[in-house]
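Spelled out, the chains give:
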There are 2 protein chains.
Amino acid sequence: MSSEVQQSNIVTSDTGATSDENFIVERIFKAVMEQRLAPKTKLSEARLCETFGVGRMRVRRALLLLSSQGIIELQSNRGAYVACPDKSEANDVFAARMLVEPPLVRQLAQNADDIDLAILTDHIAHEDAARAKKERTEIIRLSGEFHTKLAQATGNKFIFRMMRELVTRTSLIVGLFGSSENASCPDDEHSNILKAIQSRNPELAEELLISHLNHIQSGLDMDARQAPQDDLAAILR
Amino acid sequence: MSSEVQQSNIVTSDTGATSDENFIVERIFKAVMEQRLAPKTKLSEARLCETFGVGRMRVRRALLLLSSQGIIELQSNRGAYVACPDKSEANDVFAARMLVEPPLVRQLAQNADDIDLAILTDHIAHEDAARAKKERTEIIRLSGEFHTKLAQATGNKFIFRMMRELVTRTSLIVGLFGSSENASCPDDEHSNILKAIQSRNPELAEELLISHLNHIQSGLDMDARQAPQDDLAAILR
DNA sequence: TTGACAAGGATTGTTAACAATCTTGAACTG
DNA sequence: CAGTTCAAGATTGTTAACAATCCTTGTCAA
């Protein structure tokens, strides 16, 4: 495990591309992740240009990158829309997480160093604080980020990228199929998973994670999809 | 498990983007995968334009996509170069595969249907044929593709994408750090893994896969890196 | 000979105009 | 009134010229 992880420079997200479009990508990515941009929302080039004060080329490149990550969908001659996962895709996302995440926490329970654990502990504190203040978007963001940080704690950028994609998709899915209450993860499950990792109990950590994922998935209603639209680019600040 | 998998339309690689640049991406991707394009090779826009008979914009978009997949590296004002993984990245790739692939084959041993197994069996036959004829690039291609097809057999596009990225990186790494002999996977290990899956023996399949990955990794010399260069764009046909 | 320096050419990055496609809405027909 | 057609506007796709940067090469001086 690495100590540089929390610096978030070593294990970071986007490869290639200049910093300008990475900024746009990150902003939109984050907005989707926090469910501030609903699926099917149209992202027009002109709007994004003025929002970010940047040329059309940069916006187009950013959109291309986002589409390659599955965050948005590019329709030919029709523009970019926030991705809208369907039932089957939702199942795939959870299946993929069920495959990857249990071995991940198992490994963390065996190998995580103190620095990683400190970061995660710190994160849980933030989550609790946000929950206490009932800050909806903050709760959503931190809930997803916990899982991302688990991956980050491995110090492995491939694992991180995989998990980041899966967690983002999960956020879209929960926004689409979840009831307003369980928009985030159940209260203390994250904390319990971390405790299992800290007490170096791989089996327990894995078991808790599996039931955690099951809780999230079972809180979804795969048939009734949520209100599709809403649009403001002021969402992007 | 799905029956449409081998049609390779359901679980496919690239999201978004028009077909033209996907063609370019696929061509370069494949060339890297088959070790016909060595790391550090420069991919100049002009060259690619004439090679594919396409405008500069298409090429630039393709390069951006390839860089987002980590296949190439975009250097500001200096152009695109085939990615050149270092020692630490190589270790990360194998660590990620060790995390993902064992549960994957375990799951296949439990759930793979006859169609999936038939595809894999067929693949092994092709591999053997290529080996018999000593067709180097074909052997390399099929060796990697076996692992990709394992992922494809799950019918899960996220798992597929993850594995595809990892396998491609592995190909780069083996080309860089491997001796000329073990450029591909050891002879009958793929076959044995498949047999374990067919006989519905998850533990054995997992065990064989782990030792298979270990064989590949231990055949590498992480310190002596290979001849860096060679360039022709006729490589792309 | 070696090194620094500068000019020219080559390559990449950016912009703006143009072309193609889609969307909107009003007029028209049945 | 419902449905269709068509034209104007809006949006996206493409191209070509221009700007900026990098690389090469030849010259010069130590």
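Please read these numbers as outputs of a predicted model, since none were measured by experiment.

A.B. asks: What is the right way to look at the relation of the copies chain A and chain B in this model?
C.D. replies: The second copy of the chain is related to the first by a rotation about an axis and a shift along the axis. Once chain A has been moved 0.0 Å along the axis and rotated by 180°, it coincides with chain B to within an RMSD of 0.0 Å. What the superposition gives is, in effect, a two-fold axis relating one chain to the other. Judged by C-alpha distance, Val-100 of chain A is the residue of chain A that lies nearest the rotation axis, at 2.9 Å.

A.B. asks: Just checking my understanding: could you explain the interface of chain A and chain B for this structure?
C.D. replies: A common way to state how big an interface is: give the accessible area lost once the parts meet. On the chain B side, the residues contacting the 28 residues of chain A number 28 residues. Listing elements by their share of the side of chain A that touches chain B, those giving two or more residues are α3 (56-68), β2 (72-75), α4 (87-111) and α7 (157-177) of chain A. Broken down by element, the side of chain A that touches chain B gets its largest block of residues, 9 residues, from α4 of chain A. The class makeup of the residues in the side of chain A that touches chain B is 15 nonpolar, 9 polar and 4 charged.

A.B. asks: Explain the protein's contact with DNA strand D here, please?
C.D. replies: Within the structure, DNA strand D sits among Ser-44, Glu-45, Ala-46, Ser-76, Asn-77 and Gly-79 of chain A together with Gly-55, Met-57, Asn-77 and Arg-78 of chain B. A class-by-class count of the residues in the surface near DNA strand D yields 2 nonpolar, 6 polar and 2 charged.

A.B. asks: Is there a simple way to think about the environment of Asp-113 of chain A in this case?
C.D. replies: Examined against the element boundaries, Asp-113 of chain A turns out to sit in the loop between α4 and α5 (114-133). Accessibility expressed as a C-beta count within 10 Å gives 14 for Asp-113 of chain A, which makes it partly exposed.

A.B. asks: Would you mind going over the sheet that holds β2 of chain A with me for this structure?
C.D. replies: Sheet strands associate in pairs through backbone hydrogen bonding, adopting either a parallel or an antiparallel arrangement. Residue and element names in this part refer to chain A. Pairing is antiparallel across the open sheet formed by 3 strands, whose spatial order is β1-β3-β2. Every interior strand has two partners, whereas the edge strands, β1 (42-43) and β2, have only one. The sheet contact formed by β2 and strand β3 (residues 79-82) spans 4 bridges and is antiparallel. Looking at the pairing, Gln-75 lines up with Gly-79 of β3. Sheet contacts for α3: β1, β2 and β3; angle to β2, the most-contacted strand, approximately 115°.

A.B. asks: Would you explain the domain arrangement of chain A in this entry?
C.D. replies: All names here are of chain A. Taken domain by domain, chain A holds domain 1 (19-84 + 226-236) and domain 2 (87-218). On a C-alpha basis, the centroid separation for the pair domain 1 and domain 2 is 25 Å. At the junction of the two partners, domain 1 supplies 13 residues and domain 2 supplies 13 residues. Taken together, the residues of the side of domain 1 that touches domain 2 break down into 7 nonpolar, 4 polar and 2 charged.

A.B. asks: Help me understand the packing of α4 of chain A against helix α6 (residues 136-153) of chain A, please; the structure alone is not making it clear to me.
C.D. replies: What describes two packed helices is the angle between their axes and the distance between those same axes. Residues and elements named next belong to chain A. Where α4 contacts α6, the axes come no closer than 10 Å and their chain directions differ by 55°. On the basis of the axis angle, α4 is oblique to α6. Where α4 crosses over α6, the handedness of that crossing is left-handed. Two secondary-structure elements touch here, α4 through Leu-104, Val-105 and Leu-108 and α6 through Leu-150, Ala-151 and Ala-153. When the residues that make up the contact of α4 with α6 are grouped by side-chain class, the tally is 6 nonpolar, no polar and no charged.

What counts, and where the lines are drawn
- Residues numbered from 1 in each chain as written.
- Chains lettered and ligands numbered in written order.
- Predicted model: local features only at pLDDT ≥ 70, side-chain atom pairs only at ≥ 80, totals over all residues.
- Least-squares fit on C-alpha atoms with pLDDT ≥ 70 in both.
- Contact = placed C-beta atoms within 7 Å.
- Helix = DSSP H or I, 4+ residues; strand = E, 2+ residues; numbered from the N terminus.
- Nonpolar A, V, L, I, M, F, W, Y, C, P; charged D, E, K, R; others polar.
- Near = placed C-beta within 6 Å.
- Buried ≥ 20, exposed ≤ 12 C-beta atoms within 10 Å, placed from the backbone.
- Pairing = 2+ DSSP bridges.
- Axes fitted to C-alpha atoms, helices over the stretch in contact; angles between N-to-C directions.
- Domains from an automatic or database assignment.
- Parallel < 35°, antiparallel > 145°, perpendicular 65-115°, else oblique.
- Left-handed = near helix turned anticlockwise from the far one by under 90°.

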